[in-house]
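Coordinate inspection notes
Residue-level listing of the chains:
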Amino acid sequence: ETIVIFGAALQLSKDDPGAIAERRKAYMKRRQMTQPINLPSSGSVFKNPPGDHAARLIEQCGLKGFRIGGAVVSEKHANFIVNEGGATALDVYDIIRHVRATVHRESGVVLELEVKLVGFTGDELNAVGQS
C-alpha cells in the first residue's frame, strides 16, 4: 500500500531561539545514547506492534548482535540493522527474515516492515505468520 500526501496544514508557534537550540541538543543527545547513529543503517526496520515495541521483542529473543556477513542487529537498539563493514543487501534481507521468523515463533507477533524493500519480492517475508 502506497500513501501519497498532497498537502498538510501545520500550526507553528514562536519560541526563544535559545530554548529551541537546547531542546534540539537534548534530543540529539538522547538519540546518540539510544540509537546506533555512528554506523550506517536504514533506521528502524520494523514497525512497533500495537501495545509493544519491536526492539523489545527482538531483544527478548536474544537477537542483539546476530550477524550475517557485515550486517548486525545493533547491540544498542535491536530494531536497527547496522553495517559494520561490507554488508550486502542480501545480508540485511536475510537478517530481516531471521528476526521476523524468530520473533513470530517465540512470541506469536508478526513484525511488519517499516523499511521498503527494493529489488526483493518479499514473498518469503510475507509467508511468516501465514498458514
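The present account deals with the structure reproduced in this document. (Residues numbered from 1 in each chain as written. Predicted model: local features only at pLDDT ≥ 70, side-chain atom pairs only at ≥ 80, totals over all residues. Heavy atoms only, no water.)

1. Observations concerning the overall build of the protein chain
A tally of helices and strands in the protein chain yields four helices and four strands. Helices and strands in the protein chain line up, N terminus first, as α-β-α-β-β-β-α-α. Dimensions of the protein chain, computed from the C-alpha atoms along their principal axes, are close to 55 × 35 × 30 Å. Expressed as a percentage of its 131 residues, the buried residues of the protein chain come to 27%. (Helix = DSSP H or I, 4+ residues; strand = E, 2+ residues; numbered from the N terminus. Buried < 20%, exposed > 50% of the residue type's maximum accessible area, 1.4 Å probe, protein only.)

2. A closer look at the sheet that holds strand β4 (residues 80-83)
With respect to topology, four strands assemble into an open sheet ordered β1-β4-β3-β2, the strand pairing being antiparallel. The sheet is open, and its two edges are formed by β1 (41-44) and β2 (67-68), each paired on a single side. Bridge count for strand β3 (residues 71-73) against β4 is three bridges, and the pairing is antiparallel. In the sheet register, A71 faces β4, and the bridge partner there is N83. Packing of helix α3 (residues 89-107) onto the sheet brings it into contact with β2, β3 and β4, and relative to β3 it is tilted by some 30°. (Pairing = 2+ DSSP bridges. Contact = heavy atoms within 4.5 Å. Axes fitted to C-alpha atoms, helices over the stretch in contact; angles between N-to-C directions.)

3. Quick notes on the nonpolar core
Membership of the largest hydrophobic core comes to 19 residues, with the highest contact counts inside it found for V45, F46, I58, V99, V103 and L111. Those residues within four positions of V45 in sequence are excluded, and the remaining contacts are N79, F80, I81, I96, E112, L113, E114 and V115. (Core = buried A, V, L, I, M, F, W, Y, C linked by side-chain atoms within 4.5 Å.)

4. What to know about the pattern of salt bridges
The final tally for this structure, using the stated rule, is eight salt bridges. With a shortest N-O distance of 2.8 Å, R23 and D15 are connected by a salt bridge. (Salt bridge = Lys/Arg side-chain N within 4 Å of Asp/Glu carboxyl O.)

5. Observations regarding the environment of I95
Tracing the backbone through its elements, the reader meets I95 in helix α3. Sequence separation between I95 and A71 is 24 residues; the distance between their C-alpha atoms is 7.7 Å. Setting aside anything within four residues of it in sequence, one finds I95 in contact with F66, R67, I68, A71, V72, V73 and I81.

6. Regarding α3
Taking 1.5 Å of rise per residue, the 19 residues of α3 would be expected to cover 27 Å, and the 27 Å separating its terminal C-alpha atoms lies within 8% of that figure. Turning to α3, its buried residues are D91, Y93, I95, I96, V99, R100, T102 and V103. Remark: G108 follows α3 within two positions and exhibits a positive phi of approximately 85°. (Expected span 1.5 Å × (residues − 1).)

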